[in-house]
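# Inside the fold
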Amino acid sequence: MFFRRSDKLEFLIPRERFIPVQVPALVERISSDPDLSPKEREEFRELARLLQARFHFEFLEAAEKLKEFFDPFNPDRDTLLIREVSEEERENYFDQFRDLLHDILIKSNYTKLSREQLVRCLEAENPWGVRVEVDLSRYKVIDFYYRGVKEFTELYQPWYLWKPVPRGSRCFSRIVVVVRMPGELGRNCGNGKPGSDQVLVKLFKDVRLEELKMTSPHIRIRIRFWDKVQIAVSVVATLVTSVVRLVLAAAVNPVLFFSVLSGCAIAAAKAVQNFITCRIRYMERLGANLYSKLLASNVAAISRIFDTAEAEEVKEALLTYYILYKHRDRDLTMEEADQLAEAWL
């Protein structure tokens, strides 16, 4: 099955605005343009240094302000608050934190999923691996941002066919999750006043569309259909065999009856153990999946987001200046400059 542009996830933007090169590499590449004179190359390198310094101090100030707003909600905080923050102040802090983080994520070329779009994404089912459910109503606030959507096709083996068939899927290059949890959900998440709300900021990489729900803090694991069938068959077979043995044993010898009864109890315990083992196996898969995809949490995630935003602003400014300078004999529109920059990249 391949993607159709009319499907319900058409809002996912496959075209990525992120410039996938480091600032030094971009400066070096532009400076090596043979059309530039040695003096122009040196002047461009100096411009790059000034732009990096300018954006660094601008974003440093914003980062410190954002961390200040985040501090009362930080579950990893190992310092004490200087004074008690009132509920009104906490609400004001959170509103400013959310607005400022949104602005920085947009500058980092992330796209926010609306509530309706998020629900559509969470409806995607994983035909293999861990299957989970998410109750969005448990959170006061939950925001999802993504950057980069890769579309690919892989082979999938349905249970009703003899051979694998192609199946289309999507993968997010980066996912940022911002969650505000009520006190009863966040009480075990770290430092903070008992019963107070806490905020989590998580940064993930290479998250498949079907696995997006796994990035939520609280999920409910669902056992796959065939695992349920396997457990049910095992339990039913054990019960039927045990009943038959009990009837035969009761008719032959009372002592044999109690021996068979003990065996039935052991078999029932084994069936329960198989169910528990299956659930543990699912938890192990989930843990391994998240461990490999989680890049940063909370303050560390905020710092990485600011680093990305700063680098993107520098790269966009340098690339725009270079395109305008190189084509200075033309009166370029913004659209034309954008097309020339993409063609150059």
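Every residue gets a number counted from 1 within its own chain, in the order that chain's sequence is written. Where local features are concerned, this predicted model is filtered to residues with pLDDT of at least 70; where side-chain atom pairs are given and counted, the filter is 80 or more; whole-chain, interface and lining totals use all residues. Where side-chain values are given, they derive from all heavy atoms of the structure, hydrogens and water being excluded.

## Structural notes on the pattern of salt bridges
- Each reported salt bridge corresponds to a side-chain nitrogen of Lys or Arg within 4 Å of a carboxyl oxygen of Asp or Glu. Tallied over the entire structure, the rule returns 15 salt bridges.
- A salt bridge links Arg180 to Glu91, with the shortest nitrogen-to-oxygen separation between them at 2.8 Å. Linking Arg180 in strand E4 (residues 165-181) with Glu91 in helix H3 (residues 87-107), this pair joins segments that are 89 residues apart in sequence.
- When a residue's accessible area, from a 1.4 Å probe over protein chains only, is under 20% of the maximum for its type it is buried; when over 50% it is exposed; and in between it is partly exposed. Look at Arg180 and you get buried, because its relative accessible area is 4%.
- Owing to a relative accessible area of 32%, Glu91 belongs among the partly exposed residues under this scheme.
- Asp197 is paired through a salt bridge with Lys140; the nearest N and O atoms lie 2.6 Å apart. With a gap of 57 residues between them, Asp197 in the loop between helix H5 (183-186) and strand E5 (198-208) and Lys140 in the loop between strand E2 (131-133) and strand E3 (141-156) connect regions that are remote in the sequence. Elements are defined by DSSP. Helices are runs of H or I of four residues or more, strands are runs of E of two residues or more, and each kind is numbered from the N terminus.

## So, the nonpolar core
- Working definition of a nonpolar core: buried Ala, Val, Leu, Ile, Met, Phe, Trp, Tyr and Cys residues. They are joined through side-chain atoms within 4.5 Å. Phe97, Val176, Phe306 and Leu318 are the most contacted members of the largest nonpolar core, which totals 45 residues.
- At the level of elements, helix H1 (23-31), helix H2 (38-70), H3, E3, E4, E5 and helix H8 (299-326) are the ones that each hand at least two residues to this core.
- With 24 residues, the next largest nonpolar core counts Leu118, Ala124, Val149 and Ile175 among its residues.

## Structural notes on unusual backbone geometry
- Even without glycine at this site, Asn109 takes up a positive phi of about 70 degrees.
- Tracing the chain through its elements places Asn109 in the loop between H3 and strand E1 (111-112).
- Look at Asn109 and you get buried, because its relative accessible area is 8%.
- Although it is not a glycine, Asp206 sits at a positive phi angle of roughly 45 degrees.
- Asp206 gets classed as partly exposed once you look at its relative accessible area, which sits at 30%.

## Focus on the pairing of E5
- With respect to burial, E5 is a largely interior element, eight of its eleven residues being buried.
- Examined bridge by bridge, E4 and E5 share ten bridges and lie antiparallel to one another. The residue bridging Met181 from the neighbouring strand is Gln198, located in E5.
- Here E5 runs beside strand E7 (residues 294-297); their pairing, made up of three bridges, is antiparallel. By the bridge assignment for E7, Lys202 is matched with Ser297. For two strands to pair, DSSP has to find at least two bridges joining them.

## Here's the deal with the environment of Glu310
- Inspection of the secondary structure assignment puts Glu310 in helix H8.
- A relative accessible area of 17% means that Glu310 is categorised as buried.
- With 252 residues separating them along the chain, Glu310 and Glu58 place their C-alpha atoms 8.7 Å apart.
- Here a polar contact is recorded for every N or O atom pair within 3.5 Å, except that within protein the pair must consist of a potential hydrogen donor and a potential acceptor, and residues adjacent in sequence are included only if both atoms are side-chain atoms. Side chain to side chain, Glu310 and His56 meet in a polar contact 3.4 Å long.

## Quick notes on the packing of aromatic side chains
- To pair, rings of Phe, Tyr and Trp, with the six-membered ring standing in for Trp, must have centres within 6.5 Å; the planes then decide the type, stacked if under 30 degrees apart, edge-to-face if over 60, and tilted in the middle. Taken as a whole, this structure holds nine aromatic pairs when the rule is applied.
- Judged by centre distance (6.4 Å) and plane angle (80 degrees), the ring pair of Phe59 and Phe306 falls under edge-to-face. Of this pair, Phe59 sits in helix H2 while Phe306 sits in helix H8, and the two are 247 residues apart along the sequence.
- With relative accessibility at 3%, the residue Phe59 sits in the buried group.
- A relative accessible area of 4% means that Phe306 is categorised as buried.
- Arranged with centres 5.8 Å apart and planes meeting at 65 degrees, the rings of Phe73 and Phe94 form a pair that is edge-to-face. Taken as a pair, Phe73 in the loop between H2 and H3 and Phe94 in helix H3 lie far apart in primary sequence, 21 residues in all.
- Judged by relative accessible area, which is 1%, Phe73 ranks as buried.
- Among the aromatic residues, those joined into a ring-pair cluster are Phe70, Phe73, Phe94 and Phe97.

In short, geometric facts, not functional conclusions.
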